[in-house]
Amino acid sequence: MSTNRKRLSGDQYKKIAKLKSEKLHNVLNKTHKLTDFFKNPASTSDSCSSNSSTNTIDIPKKTDAQVSETTISLSVEVDNIEPEDSCGSNGLTNMIVNEIIFETDPVKWVINDEFRDYVAKNGFNQNMTNGFINSKRVYCDKTRYLTNIMFNRRLINGEIIVRSWLVYSPSLGVVFCGPCRIFQTSLETQLVTEGFNDWKNAISRFSYHENSKEHRDAIINLKHRGNVLGRIDYSLIKQLDTEIEYWRNVLKRVVETIKSLASRGLPFRGHDSCFGSVHNGNYLMSLELIAKFDPFLADHIVRFGNKGSGSTSYLSHVKCDEFILLMMKKLKHNIVKELKISKYFSISIDSTPDISHVDKLSFMVRYVLETGLPVERFLCFVSNPGHKALDLTNAITNTLKSHDIDISDCRGQSYDNASNMSGQYSGVQARIKEINPLVYYVPCSTHSLNLVGISSAESCSQASMFFGFIQQLYNFFSASTHRWSILQLNMKHNANTIKSLSNTRWSARADACRALYNSWDEIINALVTIKDDIFEKCATRNESNGLYNQMQKLETSFMVIFWNYILERFNASNKQLQCVEIGNDKVSQIYTSLINLVQKPRDNFNEYETKAKKISKITEYNVDITRQKKKKIHFDEKAEQTELSGGDKFRVETFYVIIDKITNELEKRHQSYKTFCDLFEVLLKITSLNSLKIVESAEKLQKMYPNDLDNTFSSECLHLQSYLLNSNIDIDINILTPITLCQYLREKSLHIEIFPNVDTALRIFISVPVSNCTTERSFSCLKRVKNYLRSTQNDEKLNSLALFSIENEMLKELNCEDLIDAFAKTKCRRKPIV
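Summary of the structure given here. Bear in mind the structure is a predicted one, so any value in this text is a computation, not a measurement. (Residues numbered from 1 in each chain as written. Predicted model: local features only at pLDDT ≥ 70, side-chain atom pairs only at ≥ 80, totals over all residues. Heavy atoms only, no water.)

## Some remarks on the packing of aromatic side chains
Our working rule: Here is the rule: rings of Phe, Tyr and Trp (six-membered ring for Trp) pair when centre to centre is within 6.5 Å. Planes less than 30 degrees apart are stacked, more than 60 are edge-to-face, and the remainder are tilted. Helix and strand definitions here come from DSSP, where helices need a minimum of 4 consecutive H or I residues and strands a minimum of 2 consecutive E residues; each element is numbered from the N-terminal end. Burial classification: accessible surface area is computed with a 1.4 Å probe over protein chains only, and a residue below 20% of its type maximum counts as buried, one above 50% as exposed, and the rest as partly exposed. In this analysis the charged atom, NZ for Lys or CZ for Arg, is taken to sit over a ring once it is within 6 Å of the ring centre and within 35 degrees of the ring normal.
Inspection of the entire model under this criterion finds 42 aromatic pairs. On the basis of an interplanar angle of 25° and a centroid distance of 5.9 Å, the ring pair of W109 and F124 is categorised as stacked. Of this pair, W109 sits in the loop between strand 2 (99–103) and helix 3 (113–122) while F124 sits in the loop between helix 3 and strand 3 (137–138), placing them 15 residues apart in sequence. Like W109, the residue F124 is buried in the burial classification. Its end group placed over the ring of F176, R181 keeps NZ or CZ at 4.5 Å from the ring centre.

This is the structure in structure tokens:
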């Protein structure tokens, strides 16, 4: 048996189509028309118009002269049009037409509700297209006309807005105030009554009129009429507005919750997405917490909380992720916008592996805000960029292109001292200079200071043994809770417990050395307690005894005092170098002060030796109290050999070696910062240089940046010097720095018209970073945002959450209403929110 469907004939298809058409026609005949919901406009007193249909609109009869080219038409839908009627000439008064004619000439306006409605919806025709030939007015000195300029209003900030209320009358050559004329305000001025044509005083009269209360009230009435005009059902509109307000209130709570969690780097989702579950994550938990004190959100959760897919609640993780992505784009847009306003910027990058063993390159930019303060902003993490210089250079250029940032405006770069980054021939800094020669490379000042410490700690055996002893001491006590409790018992009220060392942070070495210096006697007592305890293991007692013997050496106590002095200053300087609000001039000064600080104790060896003997209560060096091996003298050698004492040997082979090594390393690292500061000498020493030196230094800097500074830069510098040396200025020139000078010029609004080139040079100098500490701080955020519970997080969400956590101050400034509006525009929504 065939299963094929029997095809219908053509006639049957026609019959089916006819039945459908008749059915649709019957439905349309029973359906009310749109015009049935409107009231009939006011009709004329003519008896014929009273018998007309309720869907007609009567118009006054017009002559041929009135219906001219200066008319506009408004189309109106009507049901039936009768060809003629016995009433009126040619049937015009009772004809149901589909057009209403309105005059554009304000002199000929027929002001009624229909005309007001039309103007409220469509605005005024200002009649500016046919010229103002009829506006001629003869004065005693000259003839004047109305111009297009008079239709514009210039604000005090230079912006120009259109006077849309001003309407020109082509027939009389005068102008009227449209809103005041159609609402017939109480103002008895020419702009309302007979028309204004005093073009000589037009601007002042227009300004006076548009600032009057009557004029503003007329504008408000016109705007209000336009807002409510044309609505079919006001109650329906009100219901829609109520629903929009409801869902916007829901989204406000959602946005604020996302901002609060993201700014602290907290996870959002849990094991499930059910309200009431203890495993629903921080996002839903926060909404539940708010709902306890917010009846609106509590009611919303009860109604829409756990309805599942297909029901709109705007509380799901999908909408949460959409908002996260939207906020990330908005935040990056604001950062790039700030950067482009500043124009000049610098870059800083560094990489680290994340929890999933994927290398992440952190990308930072530094620029100057409108207030004159420098700021360093995080842009993104780049996954697997590679470690070769070429790969890292490509990652930098691609990231800048993806954010629409022009590398030609880059003026500085700062990385760590690794060879692939700082290499002067094929490193990243050299490859970036090939793209833009004006990108000056400044090595990270804090990395450089750490390398100085590492080099000095490895300069001699005594220094290396000393730091190894500190780590052994910490490992011994921290390996057992019993030993740690003995140490704490001896410490009592001393809070300076022993610390561990760090390979990268020399501040940890400063803390460890200070703790050993301040708790010297307490640590010795703890070691004695352990080594004399017969119940301790033999290995423990032997290790304790070895550490005790090491602390009984004068060399150890000397190194504690000396390194505590050096590292304390290194640590304080290191913290200062990590500040964002610091320039290369301060870095150069700090390095110079450290060089002088290290050179000072070179002649104070005896002073350190006295302090060491005091805390250790030992008067002889270990070399003096141990038997020295006698060197075998060959037949061709002299028998007389000079033997140095323990103190002299320690001074020559350890003390001087460490000091010389620190000094040489500091001077070598200091040179790069000094070279850069010498280029900007005219700004750093503006108040102390003579005129010839200022001109010479300014011309040198102008040749360095010929496309940024013009030839008037030297004269601006001379003018700035005379301005700063004036006793009437409210700034202390003794503490003047490039940052404070830039802030002062912008605070006094001197940076645009008087010192524009000086401001440009200051922005270039300030935007060059001194360290990449901000880049490394982003690694801490990376460890929080992408932990072992969120190891599969994709790069887009990782960058979003990291950006929120790092730039949390900018996140707080994001407007909630703007975010909801942008969210509403992304796609069609099941619920109205606009």
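## As for the layout of surface pockets
The cut-off we apply is this: Lining residues are defined by having an atom within 4 Å of a point belonging to a cavity or pocket. Those points lie on a 1 Å grid over the protein atoms alone, cavities being sets where a 1.4 Å probe fits but cannot get out and pockets being open sets with protein on both sides within 12 Å along at least five of seven lines. Grid points are joined across faces, edges and corners, and a volume is the space filled by probe spheres set on the points. When residue character is reported, Ala, Val, Leu, Ile, Met, Phe, Trp, Tyr, Cys and Pro are called nonpolar, Asp, Glu, Lys and Arg charged, and the others, Gly included, polar.
Size it by volume and the second largest pocket reaches roughly 530 Å³. For the second largest pocket, the lining is made up of 21 residues, of which H447, N450, T504, R505 and E776 are closest to its centre. Elements with a minimum of two residues in the lining of the second largest pocket: helix 14 (445–457), helix 17 (506–518), helix 20 (554–577) and helix 30 (773–785). For the lining of the second largest pocket, the leading source of residues is helix 14, giving five residues. Classifying every residue of the lining of the second largest pocket by side-chain character gives five nonpolar, twelve polar and four charged.

## Comments concerning empty space enclosed by the protein
Scanning the model with the defined rule gives seven cavities of 30 Å³ or more in all. When its volume is computed, the second largest cavity comes out at roughly 60 Å³. Residue composition of the lining of the second largest cavity, by class: four nonpolar, five polar and two charged.

## Here we look at the sheet that holds strand 10 (residues 359–368)
What counts is decided by this rule: Two strands pair if DSSP finds at least two bridges between them. The criterion used for residue contact is that any of the two residues' heavy atoms lie within 4.5 Å. As a rule, the C-alpha atoms of each element are fitted with a line to give its axis, helices using only the stretch in contact, and angles between N-to-C directions run from 0 to 180 degrees.
Ordered in space as 11-10-9-12-13, the five strands form an open sheet in which the pairing is mixed. In the strand order of this sheet, the two ends are held by strand 11 (374–383) and strand 13 (440–441), each with one partner. In this structure, strand 10 lies alongside strand 11, joined through nine bridges in antiparallel fashion. The partner of V368 across the bridge, within strand 11, is P374. Running at roughly 160° to strand 11, helix 31 (residues 795–806) makes contact with strand 10 and strand 11 of the sheet.

## Here we look at the pairing of strand 9 (residues 345–353)
Burial analysis of strand 9 places seven of its nine residues in the buried class, which makes it a mostly covered element. Bridge count between strand 9 and strand 10: nine bridges; the pairing is antiparallel. Directly across from D350, in strand 10, lies its bridge partner S362. Sheet topology places strand 9 next to strand 12 (residues 410–414); four bridges connect them, and they run parallel. Across the sheet, residue I347 finds its bridge partner in strand 12, namely Q413.

## Concerning the pattern of salt bridges
The condition that has to hold: The salt bridge criterion pairs a side-chain nitrogen of Lys or Arg with a carboxyl oxygen of Asp or Glu, the two atoms within 4 Å.
Evaluation of the coordinates by the stated rule reveals 32 salt bridges. With a closest N to O distance of 2.9 Å, D217 and K213 form a salt bridge. With a gap of four residues between them, D217 and K213 both fall in helix 6 (residues 213–228), about one helical turn apart. Overall, the relative accessible area of 31% leaves D217 in the partly exposed class. Look at K213 and you get exposed, because its relative accessible area is 58%. Between K797 and D321 there is a salt bridge whose closest N-O contact spans 3.1 Å. With a gap of 476 residues between them, K797 in helix 31 and D321 in helix 10 (residues 317–342) connect regions that are remote in the sequence. Assessed through its relative accessible area of 29%, D321 is described here as partly exposed.

## Comments concerning the pairing of strand 12
Regular strands show a simple pattern: their side chains alternate between the two faces of the sheet. The element strand 12 is extensively covered by neighbouring structure, given that five of its five residues are classed as buried. Taken together, the two bridges between strand 12 and strand 13 define a ladder with parallel strand orientation. For G412, the partnering residue across the bridge sits in strand 13 and is Y440.

## Re helix 9 (residues 295–304)
In plain terms, the rule: Comment: arc refers to directions from the helix axis out to C-beta atoms.
Every buried residue belonging to helix 9 is among L297, H300, I301 and F304, and all of these are buried. End-on, the buried residues of helix 9 take up no more than an arc of 100°, which puts them together on one face. Looking at helix 9, the residues exposed on the side facing more than 90 degrees away from the buried face are P295 and V302.

## A closer look at the side chain of E609
Here E609 is to be found in helix 22 (residues 605–616). In contact with E609, not counting residues within four places along its chain, are F558, Y621 and G647.

## Some words on the packing of helix 10 against helix 33 (residues 816–826)
Selection rule: Just so you know how the angles are binned, under 35 degrees is roughly parallel, over 145 roughly antiparallel, 65 to 115 roughly perpendicular, and the rest oblique. Left-handed describes a crossing whose near helix is turned anticlockwise from the far helix by less than a right angle; the clockwise case is right-handed.
It is the contact of helix 10 with helix 33, at a shortest axis distance of 10 Å, that shows an interaxial angle of 115°. Judged by the angle between their axes, helix 10 and helix 33 are roughly perpendicular. Here the hand of the crossing between helix 10 and helix 33 comes out right-handed. Across the interface between the two elements, K319, E322, F323, L326, M327 and K330 from helix 10 touch L819, A822 and F823 from helix 33. Class assignment of the residues belonging to the contact of helix 10 with helix 33 gives a composition of six nonpolar, no polar and three charged.

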